[in-house]
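Chain by chain, the residues:
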Amino acid sequence: MPPPSRSLLWLGLVLGAVCASREPAAPGNATDPLNVLLIIVDDLRPSLGCYGNKLIRSPNIDQLASRSLLFQNAFAQQAVCAPSRVSFLTGRRPDTTRLYDFNSYWRVHAGNFSTIPQYFKENGYVTMSVGKVFHPGISSNHSDDSPYSWSVPPYHPSSEKYENTKEFQKLYPLENVSLAPDPQVPAGLPLVAYNPWMDLRQREDVQALNLSVPYGPIPADFQRKIRQSYFACVSYLDTQVGHLLSALDDLQLASSTIVALTSDHGWALGEHGEWAKYSNFDVTTRVPLMFYVPGRTAPLPVEGEKFFPYLDPFDSISEAPEPGRQTEDLVELLSLFPTLTGLAGLRVPPRCPIPSFHMELCREGRNLLKLFEGRGEEEEPHVRGNPRELVAYSQYPRPADSPQWNSDKPSLEDIKVMGYSIRTVDYRYTVWVGFNPQEFLANFSDIHAGELYFVASDPLQDHNVYNDSLGETLPQSFIP
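As the structure is a computational prediction, the values presented were derived from the model and not from experiment.

> Break down the nonpolar core for me, with residues and values.
Core analysis: the biggest nonpolar cluster contains 59 residues, and Ile 39, Cys 50, Ile 61, Leu 64, Ile 218, Val 259 and Met 290 have the highest contact counts within it. Looking at this core, the elements that each hand over two or more residues are β6 (35-41), α1 (59-66), α9 (220-250), β8 (257-263), β9 (268-269), β10 (275-276), β12 (289-292) and β17 (441-454). Sort the elements by how many residues they give to this core and α9 lands first, with 12 residues. In this view, Ile 61 contacts Leu 48, Cys 50, Leu 237, Asp 238, Val 241, Leu 261 and Met 290; residues no more than four positions away in its chain are not counted. Grouped together as the second largest cluster of nonpolar side chains are 42 residues, Phe 88, Tyr 105, Ala 344 and Leu 368 included.

> Break down α9 for me, with residues and values.
For α9, which comprises 31 residues, the first-to-last C-alpha distance of 45 Å matches the rise-based estimate of 45 Å (1.5 Å per residue) to within 8%. Counted residue by residue, α9 has 23 buried out of 31 residues, so it is predominantly covered. Just downstream of α9, Gln 252 is the residue with a positive phi angle, here 55 degrees.

> Pulling in residues and values, what's your account of the sheet that holds strand β15 (residues 417-423)?
The strand order β14-β15-β16-β17 describes an open sheet built from 4 strands, whose pairing is antiparallel. Because the sheet does not close on itself, it has two edges, and the strands there are β14 (392-398) and β17. Sheet twist, expressed as the mean angle between neighbouring strand axes with direction ignored, is 20 degrees.

> Can you lay out the packing of aromatic side chains for me, pointing to particular residues and giving the numbers?
On inspection of all chains with the given rule, the structure shows 22 aromatic pairs. Measuring from ring centre to ring centre gives 5.8 Å for Trp 106 and Phe 134, while their planes differ by 15 degrees; the resulting arrangement is stacked. Within this pair, whereas Trp 106 is found in helix α4 (residues 106-109), its partner Phe 134 is found in the loop between α5 (116-122) and α6 (166-169), the two being separated by 28 residues in sequence. There is no split in this pair, since Trp 106 and Phe 134 are both buried. Ring geometry for Phe 307 versus Phe 308: centroids 5.2 Å apart, planes at 80 degrees, classification edge-to-face. Grouped by ring-pair contacts, the aromatic residues Tyr 105, Trp 106, Phe 134 and Trp 150 constitute a single cluster. A cation over a ring is seen here: Arg 92 above Phe 113, with NZ or CZ 4.0 Å from the ring centre. In this structure, Arg 98 is placed above the aromatic ring of Phe 357, and the distance from its NZ or CZ to the ring centre is 4.4 Å.

> Let's hear about the state of the cysteines: which residues, and what values?
Throughout the structure, instances matching the rule amount to 1 disulfide. Here Cys 352 engages in a disulfide with Cys 362; their sulfurs sit 2.0 Å apart. Its S-S torsion of approximately 95 degrees makes the covalent link between Cys 352 and Cys 362 right-handed. Separated by 10 residues along the polypeptide, Cys 352 in the loop between α11 (336-343) and β14 and Cys 362 in the loop between α11 and β14 bring together distant segments of the chain. Take Cys 352 and Cys 362: they sit in the same class, and that class is buried.

> Would you mind going over the pattern of salt bridges in detail, with residue names and values included?
Using the criterion set out here, one finds 13 salt bridges in the structure. Notably, a salt bridge pairs Asp 42 with Arg 85, separated by 2.9 Å at the nearest N-O pair. Placement of Asp 42 in the loop between β6 and α1 and of Arg 85 in helix α2 (residues 81-90) is noted, with a sequence separation of 43 residues between them. Of the two residues, Asp 42 and Arg 85, both sit in the buried class.

> Any chance you could break down unusual backbone geometry for me, citing the residues and the numbers?
For the peptide bond that leads from Ser 146 to Pro 147, omega is 0 degrees, which places it in the cis range. For Pro 147, the location among the structural elements is in the loop between α5 and α6. Residue Ile 354 is joined to Pro 355 through a cis peptide bond whose omega torsion reads 0 degrees. Examined against the element boundaries, Pro 355 turns out to sit in the loop between α11 and β14. The phi torsion at Ala 276 lies on the positive side, around 75 degrees, for a residue other than glycine. Among the secondary structure elements, Ala 276 is positioned in strand β10. Residue classification places Ala 276 among the buried residues on the basis of a relative accessible area of 4%.

> Break down α11 for me, with residues and values.
Buried residues dominate α11, accounting for 8 of its 8 residues. Within α11 the residues assigned to the buried category are Leu 336, Phe 337, Pro 338, Thr 339, Leu 340, Thr 341, Gly 342 and Leu 343.

> So what's going on with the confidence of the model for the protein chain? Which residues, and what values?
In regions of low pLDDT, the predicted coordinates are not meant to be interpreted in detail. For the protein chain, per-residue confidence averages 88 on the pLDDT scale, and 87% of positions sit at 70 or higher. Within the model, the stretch residues 1-30 combines pLDDT values under 50 with 148 contacts to residues more than four positions away or in other chains.

> Just give me the short version of the packing of α1 against α9, but keep the residues and values in it.
It is the contact of α1 with α9, at a shortest axis distance of 7 Å, that shows an interaxial angle of 50 degrees. On the basis of their axis angle, the class for α1 and α9 is oblique. Contacts between α1 and α9 involve Pro 59, Asn 60, Ile 61 and Leu 64 from the former and Leu 237, Asp 238, Thr 239, Val 241, Gly 242 and Leu 245 from the latter. A breakdown of the residues in the contact of α1 with α9 according to their chemical character gives 6 nonpolar, 3 polar and 1 charged.

> Pulling in residues and values, what's your account of the environment of Leu 336?
Structurally, Leu 336 is set in helix α11. Excluding anything up to four places from it in sequence, Leu 336 contacts Leu 38, Phe 88, Ile 116, Thr 262, Leu 289 and Phe 291.

> Please give an account of the environment of Ser 411 that cites residues and values.
With respect to the element layout, Ser 411 can be found in the loop between β14 and β15. For Ser 411 and Asn 103, which are 308 residues apart along the polypeptide, the C-alpha to C-alpha distance reads 7.4 Å.

> Tell me about the pairing of β8, and name the residues and values.
Within β8, 7 of the 7 residues are buried, which leaves the element mostly enclosed by the surrounding structure. Burial along β8 is two-sided: the residues Thr 257, Val 259, Leu 261 and Ser 263 and Ile 258, Ala 260 and Thr 262 are all buried. Across 7 bridges, β6 lies against β8 in parallel orientation. For Asn 35, the partnering residue across the bridge sits in β8 and is Thr 257. Taken together, the 4 bridges between β8 and β12 define a ladder with antiparallel strand orientation. Within the sheet, the bridge partner assigned to Ala 260 lies in β12 and is Phe 291.

Cut-offs applied
- Residues numbered from 1 in each chain as written.
- Predicted model: local features only at pLDDT ≥ 70, side-chain atom pairs only at ≥ 80, totals over all residues.
- Heavy atoms only, no water.
- Core = buried A, V, L, I, M, F, W, Y, C linked by side-chain atoms within 4.5 Å.
- Buried < 20%, exposed > 50% of the residue type's maximum accessible area, 1.4 Å probe, protein only.
- Helix = DSSP H or I, 4+ residues; strand = E, 2+ residues; numbered from the N terminus.
- Contact = heavy atoms within 4.5 Å.
- Expected span 1.5 Å × (residues − 1).
- Pairing = 2+ DSSP bridges.
- Axes fitted to C-alpha atoms, helices over the stretch in contact; angles between N-to-C directions.
- Phe/Tyr/Trp six-rings, centres within 6.5 Å; stacked < 30°, edge-to-face > 60°.
- Lys NZ or Arg CZ within 6 Å of the ring centre and 35° of its normal.
- Disulfide = S-S within 2.5 Å.
- Salt bridge = Lys/Arg side-chain N within 4 Å of Asp/Glu carboxyl O.
- pLDDT = per-residue confidence, 0-100.
- Parallel < 35°, antiparallel > 145°, perpendicular 65-115°, else oblique.
- Nonpolar A, V, L, I, M, F, W, Y, C, P; charged D, E, K, R; others polar.

Put into structure tokens, the structure is as follows:
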């Protein structure tokens, strides 16, 4: 049994193409610590009602957002599952975990870094995992990082019965599904930056289309079917989140549980002529992120009140409820570690030195507690500064300067180029530089290509003006 004052639960639900996971934390006031439920969704971009998408039926996540602090500009550090999850669960960037593929375990390969659930466990919490929290396989030691992170062995229910979401496709008639607003490969996109979506090409139904490689466009009607299926998965996922949150009401835990929801990365649905993830564009790095904190982001539930009643996406729905609070600040998923620990009332891990391979417990992300308007909490100076000084870093590896069969998921030994990208309120700037996989070193004097997009005039990132800026000095903020 968990200590009466502290309990922690991570839950993951595998939903066909979408996985939802939840984790734990402890918060609140000193006399009555809170539970923490972290829901980690696989491959979910912010195509949700609460993020302004009028087509998507996501009433339960929208309801959660209405009682949460919602982050409009949250970004993953690498747009692929294992590197992203290891990064935010340890609070370290991929260059520190040294995981850019699926083929190494950070405790052996880089350093014995603590994780979010491990830190809570070491501070008196019972930590549990259901579904996909860590990416399965070598990258989590074939054990979901047990026993370090979990009080009991992680549970992976069979997902086969959740793999058919055809019923939810009825919510999205094909005549209502539009193509991506920018379905063409941008003329100025460097070859190295292009994601040739090789995993999608391996599907039998896609192979039957006899597409040219690497750029051959998917026929428009098939694009609509892909987008329809993705949107259907989002609505199916939403029902599972709804059942989960409704259970908090049934167990009378809504007033004593922090709920955080996010995704490991985004997903391209035809934007820039690309599909899946595997790039540095906003569409693949931007993720939903929201925190419900009882009594802080929303009033405490009245006794007997259904705070998170289940909402059926098939019912007639008006507009999505307004999020309780929103922030436009640029943030990174790295901030999950310090923010959850701070909300739980635990000591926030210190900032990592450079290098930090020898330190088991530290964090490379900002603490976002100030944005919750709490009193007496840590306030970091750069959070209070000019929003134009806020930066989100992402990166993606490539095996060559041109698209090839393993461009999407190169193994470590095949990486020759690393695309380092910074996103500010004004622009996204990416440089593709030489990379030595044996030494884990990027050579910023060996620039293979670059990208520069201005947010105000080019929000979809279709017009690369990097060549217009050649000769300018690399921004000092480029190195994390």
